[in-house]
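Each chain, written out:
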Amino acid sequence: MTTFLNKAFSLITSLPFPHALPQSLHFTNTRLAVSALTTTLLALTLPRIYRNYRTFISYGPGGVPYNLLGWFAATVILSPWAAETLSTEVYARKIAAGDTASYLDDEVVKARKRDRRPEIGPHVAPQRQVDEFPKKEIKEKLNQSFYAFANRNQHLVKLVPSNLELHADALFLADGLVPTPAAQQLRGELAHIHRLKDFSLHLTLAPADCKKVLEANWGQRHKLSGIGVPNALLGGRAISLPSEYVFIYAPRTEEEVAFVMELLAASVKYLTGSVEVR
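Residues numbered from 1 in each chain as written. Predicted model: local features only at pLDDT ≥ 70, side-chain atom pairs only at ≥ 80, totals over all residues. Heavy atoms only, no water.

(A) Quick peek at the pattern of salt bridges. Summed over all chains, the structure comprises 11 salt bridges. One salt bridge in this structure joins Glu132 and Arg116, with 1.9 Å as the shortest N-O distance. Placement of the pair is Glu132 in the loop between helix 5 (106-111) and helix 6 (136-152) and Arg116 in the loop between helix 5 and helix 6, with a sequence separation of 16 residues. The partner of Asp175 in a salt bridge is Lys158, with the nearest N and O atoms 2.6 Å apart. Separated by 17 residues along the polypeptide, Asp175 in the loop between strand 2 (169-173) and helix 7 (181-185) and Lys158 in strand 1 (residues 157-161) bring together distant segments of the chain. Connected via shared salt-bridge partners are Arg114, Arg116, Glu132, Arg252 and Glu256. (Salt bridge = Lys/Arg side-chain N within 4 Å of Asp/Glu carboxyl O. Helix = DSSP H or I, 4+ residues; strand = E, 2+ residues; numbered from the N terminus.)

Shown next as structure tokens:
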């Protein structure tokens, strides 16, 4: 009996229990688990990545390369520098410090207050609306008004291809004028329309006017406004946006086109230091 028990004990202790499994089997199980987890994560994230890329492409060209590289830059590389876009605290501080100049009538802005903001794409650049697009005739009206403004004010502005947008004509400071600090920071670029998509605008307003416009739901800052971004991350382009560089939503009616042109006039007054705007 004792001999039989001893043989049985020896046989049991020689079996490959889990704690004594070969390392190769442990490695195989780990590799299978990692593979399953990776497959699950890809199944969950790839559709979202693809939708995000399609949204980026839907903006049309502007600011960054219109391809996968541009999408990666706007989604991954520049995102850590992106700031919030809707608070007015930065302007309230400047107003409190004495920067109180305003070129917009309070009552006019209040009368044009929007009931809601359009939805804006999630990318750092290009900054675009993804809904509430104007009709063709409104786009044409805004475009005609923009060029007519440029022609009337050649003593203050000139039309030059945008350094910021890259795919649009922009208003620049006219030759011979001394740039204000904000205009100098923007290298003379005053305003441009996003003609390839939504007909929104970028322009720069006085701090007091920025506060009015944001509170009236008519605009928001660029995500890089007031943010110092290394030139290397911008493809070597020297771009510096003041905190007063704002995105103006596309007008939907002729009355709103007229209002947007008032914003443009206020921008030119602020950036040129001249009230002789026609």
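Next, the rest of the story.
(B) How the structure looks around the environment of Glu165. Relative to the helices and strands, Glu165 resides in the loop between strand 1 and strand 2. Measuring from C-alpha to C-alpha, the distance between Glu165 and His194 comes to 8.0 Å, with 29 residues separating the pair along the chain.

(C) Spotlight on the layout of surface pockets. In this structure, the second largest pocket occupies an estimated 150 Å³ of space. Taken together, the elements giving at least two residues each to the lining of the second largest pocket come down to helix 5 and helix 8 (207-215). Among the elements that line the lining of the second largest pocket, the one with the most residues is helix 8, at four residues. Partitioned by chemical class, the residues of the lining of the second largest pocket number three nonpolar, no polar and six charged. (1 Å grid on protein atoms, 1.4 Å probe; cavity = no way out; pocket = protein on both sides within 12 Å on 5 of 7 lines; lining within 4 Å. Points joined across faces, edges and corners; volume = space filled by probe spheres on them. Nonpolar A, V, L, I, M, F, W, Y, C, P; charged D, E, K, R; others polar.)

(D) Up close: the side chain of Ser200. By the element assignment, Ser200 lies in the loop between strand 3 (189-193) and strand 4 (201-204). In this structure Ser200 comes out as buried when scored by relative accessible area, which is 0%. Reaching out from Ser200, the side chain makes a polar contact with the side chain of His194 at a distance of 2.7 Å. Within the structure, Ser200 has its side chain in polar contact with the side chain of Asp198 (distance 2.8 Å). (Buried < 20%, exposed > 50% of the residue type's maximum accessible area, 1.4 Å probe, protein only. Polar contact = N/O pair within 3.5 Å; in protein donor to acceptor, adjacent residues only side chain to side chain.)

(E) Just the packing of aromatic side chains, in detail. Summed over the entire model, instances satisfying the criterion amount to five aromatic pairs. Consider the rings of Phe56 and Tyr59, whose centres lie 6.3 Å apart with planes at 70 degrees: the pair is edge-to-face. Using a relative accessible area of 1% as the deciding quantity, one classes Phe56 as buried. In this structure Tyr59 comes out as buried when scored by relative accessible area, which is 0%. When the centroid spacing of 5.2 Å and the interplanar angle of 55 degrees are considered together, the rings of Trp218 and Phe259 count as tilted. Of this pair, Trp218 sits in the loop between helix 8 and strand 5 (219-221) while Phe259 sits in helix 9 (residues 254-272), and the two are 41 residues apart along the sequence. Phe259 sits in the buried class, given a relative accessible area of 2%. The lysine or arginine in question, Arg195, covers the ring of Phe146, its NZ or CZ lying 5.0 Å from the ring centre. (Phe/Tyr/Trp six-rings, centres within 6.5 Å; stacked < 30°, edge-to-face > 60°. Lys NZ or Arg CZ within 6 Å of the ring centre and 35° of its normal.)

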